[in-house]
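Spelled out, the chains give:
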Amino acid sequence: MSDIEIKLVRSRVEEILARYKHLIDKDFPGYRNHVYRAITYAMHFLDNEPEYEALIETIFAYHDIGLWTDHKLAYLEPSEAVALADNEKYDWGFDPQLLRNAIHWHHKITPYSGKNEAVIEACRKADWVDISKGHIRKGMSKAVIKQVEAAFPNLGFQSTLLRLTKDYEGSTLVGSIKVTRGIMKW
């Protein structure tokens, strides 16, 4: 793999997230940086091929958005629905099945295989690298992960997820069980 390419501003991401900033509210900086880190990792797994960039940016802008649009811990389907609706509304022309599958399988524990495997697998690995704060590296070096985290600080994103599990379910334990059952895929 080549050196990591870090883009500090992605206009497509900024445009998409601006539409939902009022819903994400105080969690916005942490979510935005999570999105940027995940895009950076996924693009790295895809050898920074320009043909994937708009798609990957779109996938990650929406991949967790259901947490705030629908206030649900089982947020994959709501996130898919928002992405698909905007894909149609703004006439982006992304393959709806690819968009849906990339969001749906981004928490898959085992490798994804099937149609559009390269993109879906890059998204899956990227999210695992980021959500684990680099403890799960999927072939990335600690130095590369540190570079990306320095460019896009965590800003408490994992703590936000824990807070939302409690806010939405009244208990971190109950919320964590619901999250695990609702979003983890084998």
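Quick notes on the rules
- Residues numbered from 1 in each chain as written.
- Predicted model: local features only at pLDDT ≥ 70, side-chain atom pairs only at ≥ 80, totals over all residues.
- Heavy atoms only, no water.
- Helix = DSSP H or I, 4+ residues; strand = E, 2+ residues; numbered from the N terminus.
- Buried < 20%, exposed > 50% of the residue type's maximum accessible area, 1.4 Å probe, protein only.
- Contact = heavy atoms within 4.5 Å.
- Areas by Shrake-Rupley, 256 points an atom, 1.4 Å probe, with all protein chains shown as cover.
- Lys, Arg positive; Asp, Glu negative; His and termini not counted.
- Charge placed at Lys NZ, Arg CZ, Asp CG, Glu CD.
- Phe/Tyr/Trp six-rings, centres within 6.5 Å; stacked < 30°, edge-to-face > 60°.
- Lys NZ or Arg CZ within 6 Å of the ring centre and 35° of its normal.
- Core = buried A, V, L, I, M, F, W, Y, C linked by side-chain atoms within 4.5 Å.
- Axes fitted to C-alpha atoms, helices over the stretch in contact; angles between N-to-C directions.
- Parallel < 35°, antiparallel > 145°, perpendicular 65-115°, else oblique.
- Left-handed = near helix turned anticlockwise from the far one by under 90°.
- Nonpolar A, V, L, I, M, F, W, Y, C, P; charged D, E, K, R; others polar.
- Salt bridge = Lys/Arg side-chain N within 4 Å of Asp/Glu carboxyl O.

### Quick word on the overall build of the protein
Broken down by element type, the protein carries 10 helices and 0 strands. The linear arrangement of helices and strands in the protein, starting from the amino end, is α-α-α-α-α-α-α-α-α-α. Once the C-alpha set of the protein is aligned to its principal axes, its extents read approximately 45 × 40 × 30 Å. Classification of the 186 residues of the protein by burial places 50% in the buried group. Within the protein, contacts between residues separated by at least 24 positions form 66% of all contacts whose residues are at least 6 apart in sequence. For the protein, the accessible surface area stands at approximately 8900 Å², while carbon and sulfur atoms represent 54% of it. Charged side chains in the protein number 25 positive and 26 negative. The centres of these two groups are separated by 6 Å.

### Brief notes about the packing of aromatic side chains
This structure, assessed with the given rule, holds 8 aromatic pairs. Ring geometry for tyrosine 20 against tyrosine 62: centres 6.1 Å apart, planes inclined by 75 degrees, an arrangement best described as edge-to-face. Here the residue tyrosine 20 occupies a position in helix α1 (residues 11–24), and tyrosine 62 occupies one in helix α3 (residues 50–62), the gap between them amounting to 42 residues. Both rings, one in tyrosine 36 and one in phenylalanine 152, keep their centres 5.1 Å apart while their planes meet at 45 degrees; by these two values the pair is tilted. Within this pair, whereas tyrosine 36 is found in helix α2 (residues 28–45), its partner phenylalanine 152 is found in the loop between α8 (142–151) and α9 (157–169), the two being separated by 116 residues in sequence. With relative accessibility at 2%, the residue phenylalanine 152 sits in the buried group. Through successive ring pairs, a cluster of aromatic residues spans Tyr20, Tyr62, Tyr90, Trp92 and Phe94. Above the plane of the ring of tryptophan 92 lies arginine 12, whose end atom (NZ or CZ) is 4.7 Å from the centre. The lysine or arginine in question, lysine 21, covers the ring of phenylalanine 28, its NZ or CZ lying 4.9 Å from the ring centre.

### With respect to the nonpolar core
Core analysis: the biggest nonpolar cluster contains 52 residues, and Tyr31, Tyr41, Ile56, Ile59, Phe60 and Tyr62 have the highest contact counts within it. It is α2 that contributes the most residues to this core, 10 residues altogether.

### A few points about the environment of glycine 139
Within the secondary structure, glycine 139 sits in the loop between α7 (117–131) and α8. In this structure the C-alpha to C-alpha distance between glycine 139 and glutamate 51, which are 88 residues apart in sequence, comes to 23 Å.

### Some remarks on the packing of α1 against α2
At a minimum axis separation of 10 Å, α1 and α2 run at an interaxial angle of 150 degrees. By the criterion of interaxial angle, the relationship of α1 to α2 is roughly antiparallel. Handedness of the crossing formed by α1 with α2: right-handed. Within the contact between the two elements, α1 uses Val13, Glu14, Leu17, Lys21 and Ile24 and α2 uses Phe28, Tyr31, Arg32, Val35, Tyr36 and Ile39. Residues of the contact of α1 with α2, tallied by class, amount to 8 nonpolar, no polar and 3 charged.

### Digging into the pattern of salt bridges
In this structure the tally under the stated criterion is 10 salt bridges. Arginine 37 is the salt-bridge partner of aspartate 130, the closest N and O atoms lying 2.4 Å from each other. Of this pair, aspartate 130 sits in helix α7 while arginine 37 is found in helix α2, placing the two residues 93 residues apart along the sequence. No difference in accessibility class separates aspartate 130 from arginine 37, as the two residues are buried. The salt bridge involving aspartate 167 is made with arginine 163; its shortest N-O contact spans 3.2 Å. Remark: arginine 163 and aspartate 167 occur in helix α9; sequence separation between them is 4 residues, near one turn of the helix. Among the charged side chains, a network of salt bridges with common partners joins Glu5, Lys7, Arg10, Glu53 and Glu57.

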